[in-house]
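Descriptive analysis of the structure
One letter stands for each residue in the lines below.
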Amino acid sequence: MERILEEGASFLLFNLTKKIRGLPASSPKSSVTISPETEVNYCGSNPHFVVKNDDSRMKLHAEVEDVELMAHVWNSVNQCDFGVCPRLKQLVIGDDCLQCVKGLALVGLGMLTKVEIGSECCRKGEGVLDIRDCAGLAEVRIGKGSCIGWSAFMLKNCPVTKLVIDSGCFSQREGRFEVSDCKELVKMLIGSDCFTEWSECAFKNSELVELSFGDGCFLNLKQFAISGMSKLKKLNVGSWCFTRMKGQFDVWQCQGLQEIILGNDCCADWSAFRIMDCGVERVELRAGCFSHCEMIVLESEE
């Protein structure tokens, strides 16, 4: 019995031993060693939820405030419901986690301030990343090569100030990108080779200051249109973006816009490039851009 109390054991083994030996009751430790490689933490009502291995007995609960998944964990899980954590403040997912999960929904979590997904996560399943109505959310980051087979990214009605998506994310399936009603969003940085198969990209009622795409993004896009972003100052599109389809490039009523840069071979088959009612001071279209363009309109605000 002394060895069991010192080294730790399951509650079942502890109770059985207590009955057999008739010893007085005592509480086992909260951390139990199953083998030299595996440690299980019984979280109970602990607000700090840390996952260090793949043990399935760790369950999310209503008292959780901070979730941290260490690298390489929960890769056999296909469903992860953070909606059971109404007090969640931070969600940090390490590299190579949740490989089989079928989408993530972070909806109506009013205390959530930070979402960070590491590199090479969520690569085997198909799903949707839906983040909306999180009244305290300030920052969203996604590491490189994550969510490659997912078909939608939605960020709606959140006071996010910065959105960063690293290279190679959302890259293997057709899908839809939408950012709407994020009125505090200042900077959106999208890395190279993201959303390569996606044909829809929408920005609605958001006050961006800087919007940047890396090389090779949104190859199937048919229209790039932004309007009414009065605080937008810089629009930077990397090389080889918007290359597979015919389409139109429209920017209007962005009174603060100062600079537009498109990298090599962007929009090669697009028919129109229109900048209207904007205070643009510099437009740079690099080699191969709009090589089949039929209409170019540049109209400054009066």
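Residues numbered from 1 in each chain as written. Predicted model: local features only at pLDDT ≥ 70, side-chain atom pairs only at ≥ 80, totals over all residues. Heavy atoms only, no water.

Regarding the environment of L69
Relative to the elements of secondary structure, L69 occurs in strand β4 (residues 66-69). Excluding its chain neighbours within four sequence positions, the residues that come into contact with L69 are V51, W74, V92, I93, G94, C97 and L98. (Helix = DSSP H or I, 4+ residues; strand = E, 2+ residues; numbered from the N terminus. Contact = heavy atoms within 4.5 Å.)

A short note on the sheet that holds strand β19 (residues 259-262)
Within the open sheet, the 11 strands sit side by side as β3-β4-β5-β7-β9-β11-β13-β15-β17-β19-β21. Their pairing is parallel. This sheet does not close on itself; its edge strands, each paired only once, are β3 (48-51) and β21 (282-285). Within the sheet, the average angular offset between the axes of one strand and its neighbour, ignoring direction, is 5 degrees. For strand β7 (residues 114-117) and strand β9 (residues 139-142), the ladder comprises four bridges, and the chain directions are parallel. Bridging from a neighbouring strand, E116 pairs with R141 of β9. (Pairing = 2+ DSSP bridges. Axes fitted to C-alpha atoms, helices over the stretch in contact; angles between N-to-C directions.)

Comments concerning the pairing of strand β20 (residues 272-278)
Within β20, five of the seven residues are buried, which leaves the element mostly enclosed by the surrounding structure. Where strand β18 (residues 248-252) and β20 come together, five bridges link them in parallel fashion. Within β20, the position partnered with D250 by the bridge is R274. When β20 meets strand β22 (residues 295-300), the two strands line up parallel, connected through six bridges. Its bridge partner being in β22, R274 is matched across the sheet by V297. (Buried < 20%, exposed > 50% of the residue type's maximum accessible area, 1.4 Å probe, protein only.)

Some thoughts on the nonpolar core
Of all hydrophobic cores here, the largest spans 82 residues; its most connected members are F153, F177, F203, F224 and F249. Element by element, the count of residues in this core is highest for β20, at three residues. The contacts of F224, once residues within four sequence positions are left out, are F203, L211, F213, L235, F242, Q248, F249, D250, V251 and W270. (Core = buried A, V, L, I, M, F, W, Y, C linked by side-chain atoms within 4.5 Å.)

A word on the side chain of S212
Looking at the element boundaries, S212 is found in strand β15 (residues 210-213). Aside from chain neighbours lying at most four places away, what touches S212 is M188, L189, I190 and N236.

Quick notes on the environment of L208
Considering the arrangement of structural elements, one finds L208 in the loop between β14 (200-204) and β15. With relative accessibility at 1%, the residue L208 sits in the buried group. Put simply, L208 and K231 are 23 residues apart on the chain and 6.2 Å apart in space, counted from C-alpha to C-alpha. If we skip the residues at most four places from it in the chain, L208 touches L185, V186, K187, M188, F203, M229, K231 and L232.

Focus: the sheet that holds β18
Ordered by their spatial adjacency, four strands build an open sheet running β16-β18-β20-β22, and the pairing between neighbours is parallel. Because the sheet does not close on itself, it has two edges, and the strands there are β16 (223-227) and β22. Within this sheet the neighbouring strands show an average axis-to-axis angle of 5 degrees, counted without direction. Note: β16 against β18, five bridges, orientation parallel. Residue pairing in the sheet places A225 in a bridge with D250 of β18.

Considering the packing of aromatic side chains
Summed over all chains, the structure comprises 20 aromatic pairs. On the basis of an interplanar angle of 65 degrees and a centroid distance of 6.1 Å, the ring pair of F49 and W74 is categorised as edge-to-face. A residue pair is termed long-range when its members are at least 10 positions apart, and F49 in strand β3 and W74 in the loop between β4 and β5 (90-93) qualify at 25 residues. Given a relative accessible area of 0%, F49 falls into the buried group. Owing to a relative accessible area of 7%, W74 belongs among the buried residues under this scheme. Centre to centre, the rings of F213 and F242 are 6.1 Å apart; their planes meet at 75 degrees, and the pair counts as edge-to-face. Of this pair, F213 sits in strand β15 while F242 sits in the loop between β17 (234-237) and β18; the two residues are 29 residues apart in sequence, bridging distant segments of the chain. Of the two residues examined, F213 and F242, each falls in the buried class. (Phe/Tyr/Trp six-rings, centres within 6.5 Å; stacked < 30°, edge-to-face > 60°.)

Points about the pairing of β15
Pairing of strand β13 (residues 187-190) with β15, which is carried by four bridges, proceeds in the parallel orientation. What sits directly across from L189, in β15, is S212. Where β15 meets β17, four bridges bridge the pair, whose relative direction is parallel. Bridge pairing links F213 to V237 in β17.

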